[in-house]
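Residues per chain are reported as follows:
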Amino acid sequence: MSIMEHNGAAMIAMAGADCVAIAADTRFGLRQQTVAVDFEKVFRMTDKTYVGFGGLATDVQTLRAALRFRLSTYELKEERVMKPKAFANLLSHVLYEKRFGPYFVEPIVAGLDDDGKPFLCGMDLIGAPVFCGDYVVSGTCTPNLNGMCEALWRPDMTPDELFEAISQCLLASVDRDALSGWGAIVHVITKDGVTSKRLKGRMD
Amino acid sequence: TGDSSYSYSLTTFSRSGKLLQIEYALTAVSEGKTALGIKAKNGVVLCTDKKLGSRLVDSAGVKKLEKLTENCGLVYAGVGPDYRVLVAKARKQAQQYALTYGEQKPVKGLVQDLAAVMQEYTQSGGVRPFGVSLLVAGYDDEGPHLYQVDPSGAYYGWKASAIGKNYKNARSFLEKRYSDDVELDDAIHTALLTMREGFEGEMNQHNIELAIIGDNDMLFKTLSPQELKDYLDEAN
């Protein structure tokens, strides 16, 4: 079985009007066995940039630490906060450095740039980025996620509408995937701050 | 740094706490042709004396003002070949940054890179300090910048500065004339006047080099002799 499907994950990032949301399931499993239901896969990089990693859990954790290192040294040296686009480029670079022995993750980046405009980016495991204006998905049920997002996404949603849409997309998608689900978390980022909520879904 | 097989630094402290190699490097700098920079509220200007040794020299091949990135350039006073090494290193580091982050390195970062290299050569085995002071001018998200970097690796942010042969007179001239709200065109004018103060012989569009970076396009560009002539005519 594919190494990208060993642990299981489902995540979405979506753009609204001057806001973005990023959501992921919280299952940590070893093949069919669910081991934890509170496993974080979405991480804050800066107040305005969040990243989610689906794929092999050990690489999720290692990359998170590696990126935190890069960001901290950047902020100390440059005395400024990294912009979402620069972060996406950095992540792409970090992944490609391991081109012939990659991190088994497929990240999604969600942020707000200095003008408050949404920034979304999806990437493959060797850093090839795709920049989208609507939504990006990653995980073991991407056909489900893509289908749900295509159906429920519309432009210029308010933070509340965005929360509703991304949550419904995620919950419906993971229910038809054995390897993802068992809890979910949603972060909605606006210029005024971030609200994080846990979703009540099927625990199976 | 350096492919030398020396494991010890040639720059060592004297009893009085001085690093004489750096002092001597600064002497070399003050023997070099004058260069100056002025930061305006909407841009920066760099200027230097390009006087050629004889009329047989082909001035087209002589270039002292160099671009580091699209929005940052520099000039030097001192040992030209040392300058070229620094320019090459800084350009490479700037491109490395752009490759990693997908955006231009901030001017201050470029200056810190240059300064770090220059400091390295005061504390590494078998090498000597660079015999140049640099004036770095740039425009980024934080606005216009003018920095000076010395052979020791010390760097200073300036509103206006001069380095090289006539630097003391040039600096006092600038001190009298500078104001915080000066516009780029006035800064060019002031730069030319300052340059002329200590100039040996007649100053014209062929024996000086001038570059500007303005907030209209944030691009570092060297003025052509024709453009220079227009400014010089105004200054007369």
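Please refer to the structure higher up on the page.
Residues take numbers from 1 onward in each chain, read along the sequence in its written order. Each chain gets a letter, beginning with A, and each ligand a number, beginning with 1, in the order they are written. Per-residue local features are limited, in this predicted model, to residues with pLDDT of at least 70; the limit for side-chain atom pairs, both in listing and counting, is 80 or more; totals at the level of whole chains, interfaces and linings are taken over all residues. Note that the side-chain values use all heavy atoms of the structure and ignore hydrogens as well as water.

Caption draft 1: Seen up close, the interface of chain A and chain B. By definition, residues are in contact when any of their heavy atoms lie within 4.5 Å. Taken together, the contact between chain A and chain B spans 13 residues of the former and twelve residues of the latter. In total, chain A and chain B occlude about 1,000 Å² of area from one another, counting both sides; carbon and sulfur atoms represent 36% of this. The term salt bridge refers to a pairing of a side-chain nitrogen on Lys or Arg with a carboxyl oxygen on Asp or Glu at a separation within 4 Å. Viewed at the interface, chain B and chain A are joined by three salt bridges. For Arg80 of chain A, the salt bridge identified is with Glu103 of chain B, shortest N-O distance 3.2 Å. Contacts described as polar in this section are N or O atom pairs within 3.5 Å, which, within protein, must combine one atom able to donate a hydrogen with one able to accept it, while residues neighboring in sequence count only if both atoms come from side chains. Linking chain A with chain B are nine residue pairs in polar contact (both at pLDDT 80 or more). When residues of the side of chain A that touches chain B are traced back to their parent elements, those giving at least two are α1 (57–78) and α2 (84–97) of chain A. Accessible surface is computed with a 1.4 Å probe, and the buried area is the amount of it that two parts give up when combined, taken over both parts together. Only runs of H or I of at least four residues qualify as helices and only runs of E of at least two qualify as strands under DSSP, and these elements are numbered from the N terminus.

Caption draft 2: The arrangement of unusual backbone geometry in detail. Residues and elements named next belong to chain A. Positive phi, close to 55 degrees, is recorded for Asp18, a residue that is not glycine. In this fold, Asp18 is placed in the loop between β1 (10–15) and β2 (20–25). The backbone of Glu79 shows a phi angle near 55 degrees, a positive value even though the residue is not glycine. Note that Glu79 resides in the loop between α1 and α2. Residue classification places Glu79 among the exposed residues on the basis of a relative accessible area of 58%. Throughout this description, buried means an accessible area under 20% of the type-specific maximum (1.4 Å probe, protein chains only), exposed means over 50%, and partly exposed covers the range between.

Caption draft 3: Expanded view of the sheet that holds strand β8 (residues 160–163) of chain B. Residues and elements named next belong to chain B. Note on pairing: two strands pair once DSSP finds at least 2 bridges between them. Here five strands make up an open sheet; going across it, the order is β8-β1-β2-β9-β10 and the pairing antiparallel. Each edge of the sheet is formed by a strand with only one pairing partner; in this case those strands are β8 and β10 (221–222). Examined bridge by bridge, strand β2 (residues 43–49) and strand β9 (residues 208–214) share seven bridges and lie antiparallel to one another. Within β9, the position partnered with Val45 by the bridge is Ile212. Orientation is described by axes fitted as lines to C-alpha atoms, over the contacting stretch for helices, and by angles from 0 to 180 degrees between their N-to-C directions. Where helix α4 (residues 167–177) meets the sheet, its contacts fall on β1 (35–40) and β8, and the angle it forms with β8 comes to roughly 165 degrees.

Caption draft 4: Local environment of the sheet that holds strand β11 (residues 184–190) of chain A. Residues and elements named next belong to chain A. Reading across the sheet, the five strands line up as β10-β1-β2-β11-β12 and stay open at both edges, with antiparallel pairing between neighbours. Whereas interior strands pair on both sides, the edge strands pair on one side only; in this sheet they are β10 (135–139) and β12 (193–199). Neighbouring strand axes in the sheet, compared pairwise and without regard to direction, differ in orientation by 10 degrees on average. Across the sheet, helix α3 (residues 142–152) lies against β1 and β10, angled at about 160 degrees from β10, the strand it touches most.

Caption draft 5: A look at the packing of helix α5 (residues 184–197) of chain B against helix α6 (residues 225–235) of chain B. All names here are of chain B. Close contact between α5 and α6 brings their axes to 10 Å; oriented N to C, the two are set at 75 degrees. One finds that α5 runs roughly perpendicular with respect to α6. From α5, Asp185, Ile188, His189, Leu192, Leu193 and Arg196 reach across to α6, where they touch Leu228, Tyr231, Leu232, Glu234 and Ala235. Angular relationships are summarised with four words: roughly parallel below 35 degrees, roughly antiparallel beyond 145, roughly perpendicular across 65 to 115, and oblique for the angles in between.

Caption draft 6: Representation of α2 of chain A within the structure. Residues and elements named next belong to chain A. How far a helix is expected to stretch is found by multiplying one less than its residue total by 1.5 Å. For α2, built from 14 residues, the straight-helix expectation of 20 Å at 1.5 Å per residue is met to within 8% by its first-to-last C-alpha distance of 20 Å. For α2, the tally of buried residues reaches eleven of 14 residues, placing the bulk of the element in the interior. Every buried residue of α2 is listed here: Pro84, Ala86, Phe87, Ala88, Asn89, Leu90, Leu91, Ser92, His93, Val94 and Leu95.

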